Amino acid sequence: MNNFAYAKATNAAQAIEQLNGNTQNKIVAGGTNINDLLKYFVTQADKLVDINPFIDNHAITPLENGGVRLGALVTNADTAYNPVIESKYPLLSKAILAGASAQIRNMATNGGNLNQRTRCYYFYDVNTPCNKREPGSGCSAIKGYNRIHAILGQSENCIAVFPSDMCVALAALNATVNITGPDGDRVLAFADYHRLPGDTPHIDNNLKHGEIITGIDLPAKGFEKNYSYLKLRDRASYSFALVSVATGLDLDGTIINEARIALGGVAHKPWRVTAAEDFLKGKEATQDNFAAAADIILQGAQGYEYNNFKIPLAKRAIIRNGMMALNPDSQRPGAQPSL
Ligand SMILES: Cc1cc2nc3c(=O)[nH]c(=O)nc-3n(C[C@H](O)[C@H](O)[C@H](O)COP(=O)(O)OP(=O)(O)OC[C@H]3O[C@@H](n4cnc5c(N)ncnc54)[C@H](O)[C@@H]3O)c2cc1C
Ligand code: SF4
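Computed from a predicted structure; not experimentally measured.

Asker: An account of the overall build of the protein chain is requested, with residue identities and associated values reported.
Answerer: Looking only at helices and strands, one finds twelve helices and twelve strands in the protein chain. With the C-alpha coordinates of the protein chain rotated into their principal frame, the extents come out at 60 × 50 × 35 Å. Counting the 339 residues in the protein chain, one finds 53% classified as buried. Sequence-distant contacts, at least 24 apart, represent 64% of the contacts inside the protein chain between residues at least 6 apart. Surface exposure of the protein chain reaches about 14500 Å², of which carbon and sulfur atoms provide 51%.

Asker: Please provide a residue-by-residue account of the site of ligand 1, values included.
Answerer: Taken together, 32 residues form the shell around ligand 1, and within it Ile27, Gly31, Thr32, Thr109 and Asp165 come nearest. Isoleucine 27 has a polar backbone atom sitting 2.6 Å from an oxygen atom of ligand 1. A distance of 2.9 Å separates an oxygen atom of ligand 1 from a polar backbone atom of isoleucine 34. Burial of ligand 1 by the protein amounts to 91% of the accessible area it has alone, namely 970 Å². Contributions of two or more residues to the shell around ligand 1 are made by strand 2 (25–28), helix 7 (110–115) and strand 8 (212–218). The leading source of residues in the shell around ligand 1 is helix 7, at four residues. The residues that make up the shell around ligand 1 include at least three from each of domain 1 (5–51) and domain 2 (227–331).

Asker: Please provide a residue-by-residue account of the sheet that holds strand 8, values included.
Answerer: Taking strand neighbours across the sheet as the criterion, the five strands line up as 4-5-8-6-7 in an open arrangement whose pairing is antiparallel. Two strands close off the open sheet at either side, each with one partner strand: strand 4 (60–62) and strand 7 (184–189). When the angles between neighbouring strand axes are averaged without regard to direction, this sheet yields 25°. Note that strand 6 (residues 176–181) and strand 7 share six bridges and pair antiparallel. Bridging across to strand 7, glycine 181 finds its partner in glycine 184. Across the sheet, helix 1 (residues 12–19) is in contact with strand 6 and strand 8; its angle to strand 8 comes to roughly 135°.

Asker: I'd like a rundown of the domain arrangement of the protein chain, residues and numbers included.
Answerer: Taken as a whole, the protein chain is organised into domain 1 (5–51) and domain 2 (227–331). One C-alpha centre belongs to domain 1, the other to domain 2; they are set 36 Å apart.

Asker: Go over the layout of surface pockets with me, naming the residues and quoting the values.
Answerer: Volume-wise, the second largest pocket comes out at about 250 Å³. When its residues are assigned to classes, the lining of the second largest pocket shows eight nonpolar, three polar and two charged.

Asker: Any details on the pairing of strand 8? Residues and values, ideally.
Answerer: In terms of burial, strand 8 is largely enclosed, as seven of its seven residues are buried. The pairing of strand 5 (residues 68–71) with strand 8 spans four bridges and is antiparallel. By the bridge assignment for strand 8, glycine 71 is matched with glycine 215.

Cut-offs used in this document
- Along each chain, residues carry numbers from 1 onward, in the same order as the chain's sequence is written.
- Chains carry letters and ligands carry numbers; both start at the beginning, A for chains and 1 for ligands, and go up in the order they are written.
- Local features in a predicted model are, by the rule used here, given only for residues with pLDDT of at least 70; side-chain atom pairs are given and counted only at 80 or more, and totals for whole chains, interfaces and linings are based on all residues.
- Side-chain numbers come from the whole structure's heavy atoms, not from hydrogens or water.
- Each helix corresponds to a stretch of at least 4 residues labelled H or I by DSSP, and each strand to a stretch of at least 2 residues labelled E; elements are numbered beginning at the N terminus.
- Whether a residue is buried, partly exposed or exposed follows from its accessible area with a 1.4 Å probe, protein chains only, as a fraction of its type maximum: under 20%, in between, or over 50%, in that order.
- Only heavy atoms matter for contacts: two residues are in contact if any of them lie within 4.5 Å across the pair.
- Computed by Shrake-Rupley with a 1.4 Å probe, the accessible areas treat only the displayed protein chains as cover when residues are assessed.
- Neighbouring residues are identified by heavy atoms, a residue being near a molecule or strand if any of them is within 4 Å of it.
- As used in this structure description, the phrase polar contact means that two N or O atoms lie within 3.5 Å; if the pair is within protein, one of them must be able to donate a hydrogen and the other to accept it, and residues adjacent in sequence are counted only when both atoms belong to side chains.
- How far each domain reaches was decided by an automatic or database domain assignment.
- Whether two strands pair depends on DSSP finding at least two bridges between them.
- A fitted line through C-alpha atoms serves as each axis, taken over the contacting stretch for helices, and the angle formed by two N-to-C directions is quoted from 0 to 180°.
- Cavity means a closed set of points on a 1 Å grid over the protein atoms alone, one where a 1.4 Å probe fits but cannot get out, pocket means an open set with protein on both sides within 12 Å along at least 5 of 7 lines, and lining means a residue has an atom within 4 Å of a point.
- Grid points are joined across faces, edges and corners, and a volume is the space filled by probe spheres set on the points.
- When residues are sorted by character, Ala, Val, Leu, Ile, Met, Phe, Trp, Tyr, Cys and Pro go into the nonpolar class, Asp, Glu, Lys and Arg into the charged class, and all the rest, Gly among them, into the polar class.

So, in structure tokens, the structure goes:
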């Protein structure tokens, strides 16, 4: 770890001033990711700006439109166990609780979760080429051990996946991200927040340097009657997703009025294909229809030597999660699917 200065900010204006346009000045919130990146020399900082003293972004508050605002500094644990989130957005609660460990969720913040970096082994190993860590150096994963890597949306420069569970549910729920920065406030649709690697894999998302996430807004519709989050991983106790699926259904009997399906562990961002959701509109919620939707979602999927298994696994996960969403009682937050 290199030496760095440390500053506290009690509001966004102070944080923006401390960041001061220097890309080596970085925000720290829960510290569960950035501290590791610093320790392993994956990233460097001149100054860490601690935003935990922010007064305004520690609450979960109702919105006039019937939705809910998640403060950026609310911890993942406090979000998942918030009674409003548990009852109105159980898909989100369940996705958060599928991630990390209780200790990490107690420290990790909502804003930090959106900005956590990939878990590609080569990204963390500073002795290997990695375009994300060192642009232009090459990608060690494409011909290396690529079991955890992408099957959708990847590029010849990077096949890393975005590892969050929480963000898969936020994508399915059509959340929006509230941002403030030197040029004022702006709001980004969740689908526009994270980026595909293209030829700039070192840029994970569309947050500009000096900008701060202040909150995440959930629309009124929470799919609390029919939802499911399924996470498939190497160890059920504690591991990142190989494939995860967040499904929300709005049903009229067994007919689908609206479907939302987002995938995690398969791409550089949570993966949603609206054509598949449109296909399901007005259809019976059956295994066959979820299978057809899965084929649309997985169109163009490409595996590598060690992760080809993800393509059929993702298809089965989409079908299974669609069927699990029909039975809300088995989907209460904290319940683990029997695998
Ligand atoms: C062992 C381990 C296992 C894990 N397993 C999982 C898992 O299974 N699923 C999962 O989803 N996650 C998992 N995580 C990741 C964890 O959820 C993230 O590390 C955490 O959410 C990051 O939040 P933080 O507040 O600690 O962020 P920090 O580490 O403080 O910051 C992370 C990044 O976000 C930036 N940042 C933080 N807050 C803001 C803000 N408000 N505005 C702008 N930028 C900001 C920081 O500058 C930094 O770049 C795991 C982590 C560990 C260490
Ligand atoms: S997949 Fe991306 S993060 Fe991993 S080695 Fe290649 S460029 Fe780096």
